[in-house]
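Geometric and topological summary
If you want the building blocks of each chain, they are given just below.
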Amino acid sequence: MSALPKNQTAGYGWTAIILHWLIAALFIGQFVLGFVMVRLSSQRTAFELIQLHKSFGFLLLGLVILRIAWRLANAVPPLPRSVGPFARRMAPLVHLALYAFQLALPLSGWALVSVSVLEIPSVPFNLFVMPNLPLGESDTAESFWAATHWYLAYAGIGLVALHLAAALRHHFWLRDTVLTRMITASSHHDRE
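The structure presented is a predicted model; accordingly, all values stated were derived computationally and were not measured. (Residues numbered from 1 in each chain as written. Predicted model: local features only at pLDDT ≥ 70, side-chain atom pairs only at ≥ 80, totals over all residues. Heavy atoms only, no water.)

In this section: a nonpolar patch on the surface. Taken together, the side chains of Ile28, Val32, Phe35, Val36, Leu40, Trp150, Tyr151 and Tyr154 make up a nonpolar region of the molecular surface, amounting to roughly 740 Å² of accessible area. Residue contributions to the nonpolar patch peak at four residues, all from helix α1 (residues 14–37). Along the chain, Phe35 turns up in helix α1. By relative accessible area, which is 38% here, Phe35 ends up partly exposed. (Patch = residues over 30% accessible without salt bridge, like charges linked within 9 Å, V, L, I, M, F, W, Y side chains within 5 Å. Areas by Shrake-Rupley, 256 points an atom, 1.4 Å probe, with all protein chains shown as cover. Salt bridge = Lys/Arg side-chain N within 4 Å of Asp/Glu carboxyl O. Helix = DSSP H or I, 4+ residues; strand = E, 2+ residues; numbered from the N terminus. Buried < 20%, exposed > 50% of the residue type's maximum accessible area, 1.4 Å probe, protein only.)

Right, dumping it as structure tokens:
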């Protein structure tokens, strides 16, 4: 039987898998783009990259909200029997932390552009003007949200690195199905 869009007891459906990898690519890409854009000498190029960074940030926020809604509406496949008790306790906490960072990071960026005294509008992918959050503009608020966004970015990428290391450990060291079930969608006939 072909792979299903919804999660099954043997693994994740293709909807969760696509959202997972799309969000992962955007999250890492946003980190790289943010790192590069603040180090450019050309103000014009930096401005264009900042606008692109904001566009992808709003897209990331929307996808993360969709991913969380999908996860809440679908059963999470149980971990393989080979996963020990410590990892079983940690997995939900790590996933919760990843979701929290994936929400907090674009929200802090949105707050940053909302409080900026420069009042440069956010126009995601040149399609529409994204309204600012109802926050007061000030240099102090801008400094706070810039620092918050920066710290969240580095903490978030550290958490992603740990998540990746754990997935690779499961695949290459423990040789269980934790990673493969997020690569290949399950079907009714899949077995753990």
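Glancing now at the packing of helix α3 (residues 85–115) against helix α4 (residues 139–173). One can describe the packing of α3 onto α4 by two numbers: an axis separation of 9 Å at closest approach and a directional angle of 155 degrees. Classified by the interaxial angle, the pair formed by α3 and α4 is roughly antiparallel. The hand of the α3/α4 crossing is left-handed. Partitioning the contact of α3 with α4 into residue classes produces 17 nonpolar, seven polar and one charged. (Axes fitted to C-alpha atoms, helices over the stretch in contact; angles between N-to-C directions. Parallel < 35°, antiparallel > 145°, perpendicular 65-115°, else oblique. Left-handed = near helix turned anticlockwise from the far one by under 90°. Nonpolar A, V, L, I, M, F, W, Y, C, P; charged D, E, K, R; others polar.)

So, about unusual backbone geometry. Even without being glycine, Glu119 reaches a positive phi, approximately 55 degrees. The class for Glu119 is exposed, based on a relative accessible area of 52%. Unlike most non-glycine residues, Phe125 shows phi in positive territory, near 50 degrees. Along the polypeptide, Phe125 turns up in the loop between α3 and α4.

Per the counting criterion, the structure on display carries six aromatic pairs. Considering the side-chain rings of Phe56 and Phe125, the 5.2 Å spacing of their centres and the 85 degrees angle between planes classify their relative orientation as edge-to-face. Highlighted residues: Phe56 in helix α2 (residues 43–73) and Phe125 in the loop between α3 and α4, separated in sequence by 69 residues. Put simply, the rings of Phe31, Trp150, Tyr151 and Tyr154 touch in pairs and so form one group of aromatic residues. The residue whose ring lies beneath Arg39 is Phe35, and the NZ or CZ to ring-centre distance is 3.7 Å. (Phe/Tyr/Trp six-rings, centres within 6.5 Å; stacked < 30°, edge-to-face > 60°. Lys NZ or Arg CZ within 6 Å of the ring centre and 35° of its normal.)

A separate point is α4. With 35 residues, α4 should cover 51 Å at 1.5 Å per step; its first-to-last C-alpha distance of 50 Å lies within 8% of that length. Of all the positions in α4, only Ala141, His149, Leu152, Ala153, Gly156, Leu159, Val160, Ala167 and His170 are classed as buried. (Expected span 1.5 Å × (residues − 1).)

What follows is about the packing of α1 against α2. The interhelical angle for the contact between α1 and α2, taken along N-to-C directions, is 155 degrees, at an axis separation of 9 Å. Regarding the angle of α1 to α2, the classification is roughly antiparallel. Remark: the crossing between α1 and α2 carries left-handed chirality. For the contact of α1 with α2, the residue count by class is 20 nonpolar, six polar and one charged.

This next bit is on the environment of Met130. Summarising the element assignment, Met130 is placed in the loop between α3 and α4. Excluding residues within four positions of it along the chain, Met130 makes contact with Phe58, Trp110, Ser122 and Pro124. (Contact = heavy atoms within 4.5 Å.)

In short, shape yes, function no, at least from these values alone.
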